[in-house]
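An overview of the molecular structure
Residues per chain are reported as follows:
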Amino acid sequence: MRNMKYLLFLFMICFITSCNDILDQVPEISVTNANVWTSENDAESVFNSMQFSLRKQATISYNWLYGEIRAQSVDNYTNYSYKYIFTNELDLLTSSGFYNWAEYYKTISLANLILDNIAKVGMDEEKRKYMEGSAYFARAMSYFKILKLWGEAPLFTTSSNITEMEKATKEKIAKQVFEDAKEAKARLKPWSQISEQLGKPLLSKQYACEGAVDALFAHAYAWVGSLENNHEYLLSAVKSATDVIKSPEYKLVKTPEEVCTQVMYGNSSEGIFELEYDETERGSSATLAYYVVGYPVLDRFGPGDNSGTWPLNEIIITNDLIESIYDEPGDLRLNSYFYDFEGMKAMDESITKGRAYPYKWRIPIYSVAEDRMLLAFDANAVIFRLGEIYLLRAEIYNRLGETELAIDDLNEIRKRAGLAPYSAAKNGDLKLAILKERQRELYLEGFRFEDLVRNGELRNMLPSYAELTDSDMKDGAAYLPTPSSAFLKNPQMRQNVYWKRNGF
């Protein structure tokens, strides 16, 4: 009987994590769910599946594909369907798999299972609080990503809901993010104290903690507050960012070189929340590293070879583009984030083809076979880090009219990069200077598109969006189309207005 129970439990977890049409199928497991939550092992099985799904979110393409490629952070992209994302011609994509929200709903469904059932299980109170807090955090993170990518989407907060459901408004999803984050923070401790809740030493920053919740709060309040011009939310964004910055848990590394060798590697003093992978999970797919890092990190490449690996080796990053971004003399990031930038630029262009060579991620992992196939990079997917939070607070301070405070935060990162303090005479408008600094500091880390949307600069800075009207933006041009799989068994589902007008 015990073996049968665990087979049923295993089937339930596999069913959740394997189905493609998550919105239609997840509720079906509720009929078996009530009978299997009888031990701590049951809770841990679902918890581990939820953690795996949350990690998998970072390995799917959205972080870099829609964070950097769609934001045209590179010169050009010519390969396969991704070129249509580069030009925002999403109606020409061959598959809705390029904008599918299934993995986010897998995480949400598993979090719902934990929150609905963990009280049935006898376990240590601190451990139970940690699992609950982690579930609230995972659900908040998932809905916040859905909010930024799709805007409107179905809102499931219980594992027993088996009804067809229409999309919730952006306001309702944002409210859920805030409520879940609040519940998470009430249960989670600072990272250095999480071991007390779990009862084991903790070395990895992929575990939910108080600082990770504060960073999520800062981003969520900044996103909604900026788009809605909500003063109260903007003040809350500053408070949450300040909680992170003042925390003794986190400290900026000293140089851009250490950003590459420590922060991107993982579990540094600057890291707040990040996800770990090994080579079997192709972990660096969570970043653009796998696709844009080539010479000299990968020994099979020479100068001028395609700068990354198949299938994205037509991503082009030129010296001219990088010089337009890192356009202030003395920026230490130029020769840390890019391999020997000045030296490569001085080489014969017939050899280098005018390319810059990303160097933020430096430790490749190869297969043991003779072909030494690239498996991954030894690097974490860094979701939140302290340097980014400083610049986010600078942005919000400036929006609130706290100019001097904004400049102080901006200069904290400029100083580390070897740049002189901000000057309006030399650096221009403060809002644009902060946005530019975020582009330089966070290049290829997945933030660029949401930065442009949050700052209202999408149409001003990206040619593919220049002709969009105010009506287009209101109708959802900056969001992704609702995936076709969401319509299969749900007659209440409706397409984004802008994309329905454009062929979906």
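Shown above is the structure to which this text applies.
Here goes a summary of the coordinates provided. (Residues numbered from 1 in each chain as written. Predicted model: local features only at pLDDT ≥ 70, side-chain atom pairs only at ≥ 80, totals over all residues. Heavy atoms only, no water.)

**Some remarks on the overall build of the chain**
On a plain count of helices and strands, the chain comes out with 26 helices and six strands. Expressed as a percentage of its 504 residues, the buried residues of the chain come to 61%. By sequence separation, contacts in the chain at least 24 residues apart represent 69% of the contacts at least 6 residues apart. Roughly 20600 Å² of accessible area belongs to the chain as shown, and the carbon and sulfur atoms make up 51% of that amount. (Helix = DSSP H or I, 4+ residues; strand = E, 2+ residues; numbered from the N terminus. Buried < 20%, exposed > 50% of the residue type's maximum accessible area, 1.4 Å probe, protein only. Contact = heavy atoms within 4.5 Å. Areas by Shrake-Rupley, 256 points an atom, 1.4 Å probe, with all protein chains shown as cover.)

**Regarding unusual backbone geometry**
P296 follows Y295 through a cis peptide bond whose omega is -5°. Along the chain, P296 falls in the loop between α14 (289-292) and β3 (315-316). In the Ramachandran plot, L444 falls in the positive-phi region, its phi being about 70° despite a non-glycine side chain. With respect to the helices, strands and loops of the structure, L444 is situated in the loop between α22 (430-441) and α23 (448-454).

**A closer look at the pattern of salt bridges**
Across all of its chains, the model carries 42 salt bridges by this definition. The partner of R128 in a salt bridge is E125, and the shortest N-O contact between them spans 2.2 Å. Here R128 pairs with E125, and both are found in helix α8 (residues 125-150), just three residues apart, close to one helical turn. Judged by its relative accessible area of 18%, R128 is buried. The class for E125 is partly exposed, based on a relative accessible area of 44%. Across the salt bridge formed by R459 and D470, the nearest N and O atoms sit 2.8 Å from each other. Of the two residues, R459 is situated in helix α24 (residues 458-461) and D470 in helix α25 (residues 470-474); the sequence distance between them amounts to 11 residues. Residue classification places R459 among the partly exposed residues on the basis of a relative accessible area of 28%. Exposure remark for D470: the relative accessible area of 57% places this residue in the exposed category. (Salt bridge = Lys/Arg side-chain N within 4 Å of Asp/Glu carboxyl O.)

**Quick look at helix α11 (residues 210-228)**
Over its 19 residues, α11 runs 27 Å from end to end, which matches the ideal 27 Å to within 8%, given 1.5 Å per residue. Among the 19 residues that make up α11, 16 are buried, leaving the element largely enclosed by the rest of the structure. With its phi angle positive at about 50°, N229 sits one or two positions after the end of α11. (Expected span 1.5 Å × (residues − 1).)

**Observations concerning the pairing of strand β6 (residues 381-385)**
Remember that side chains alternate between the two faces of the sheet whenever the strand is regular. Across the five residues of β6, four count as buried, placing the element largely inside the fold. Relative to β6, strand β2 (residues 271-275) runs antiparallel, the two sharing four bridges. Bridge assignment links F273 to a residue of β6, and that residue is F384. (Pairing = 2+ DSSP bridges.)

**Let's talk about the side chain of Q439**
Tracing the chain through its elements places Q439 in helix α22. Residue classification places Q439 among the buried residues on the basis of a relative accessible area of 15%. Ignoring any residue separated from it by four or fewer positions in sequence, one finds Q439 in contact with I325, Y326 and R448.

**Quick notes on the packing of aromatic side chains**
What the rule picks out here adds up to 20 aromatic pairs. For the pair Y221 and Y233, a centre-to-centre distance of 5.4 Å together with 50° between the ring planes defines the contact as tilted. With Y221 in helix α11 and Y233 in helix α12 (residues 231-246), the pair connects residues that are 12 residues apart, well separated along the chain. Looking at Y233, the relative accessible area reads 22%, which means it is partly exposed. Site record: aromatic cluster; members linked through ring pairs are W101, Y104, Y105, Y143, W150 and F156. One residue, K360, lies across the ring of Y337, its end atom 4.3 Å from the ring centre. Lying across the ring of F447, R438 places its NZ or CZ 5.6 Å from the centre. (Phe/Tyr/Trp six-rings, centres within 6.5 Å; stacked < 30°, edge-to-face > 60°. Lys NZ or Arg CZ within 6 Å of the ring centre and 35° of its normal.)

**Notes on the packing of helix α19 (residues 386-399) against helix α20 (residues 403-416)**
As a packed pair, α19 and α20 sit with axes 7 Å apart at the nearest point and diverge in direction by 150°. For the element pair α19 / α20, the angle class is roughly antiparallel. α20 is crossed by α19, and the crossing has left-handed handedness. On α20, the residues that touch G387, Y390, L391, R393, A394, Y397 and N398 of α19 are L405, A406, D409, L410, E412, I413 and R416. Of the residues belonging to the contact of α19 with α20, the class tally is eight nonpolar, two polar and four charged. (Axes fitted to C-alpha atoms, helices over the stretch in contact; angles between N-to-C directions. Parallel < 35°, antiparallel > 145°, perpendicular 65-115°, else oblique. Left-handed = near helix turned anticlockwise from the far one by under 90°. Nonpolar A, V, L, I, M, F, W, Y, C, P; charged D, E, K, R; others polar.)

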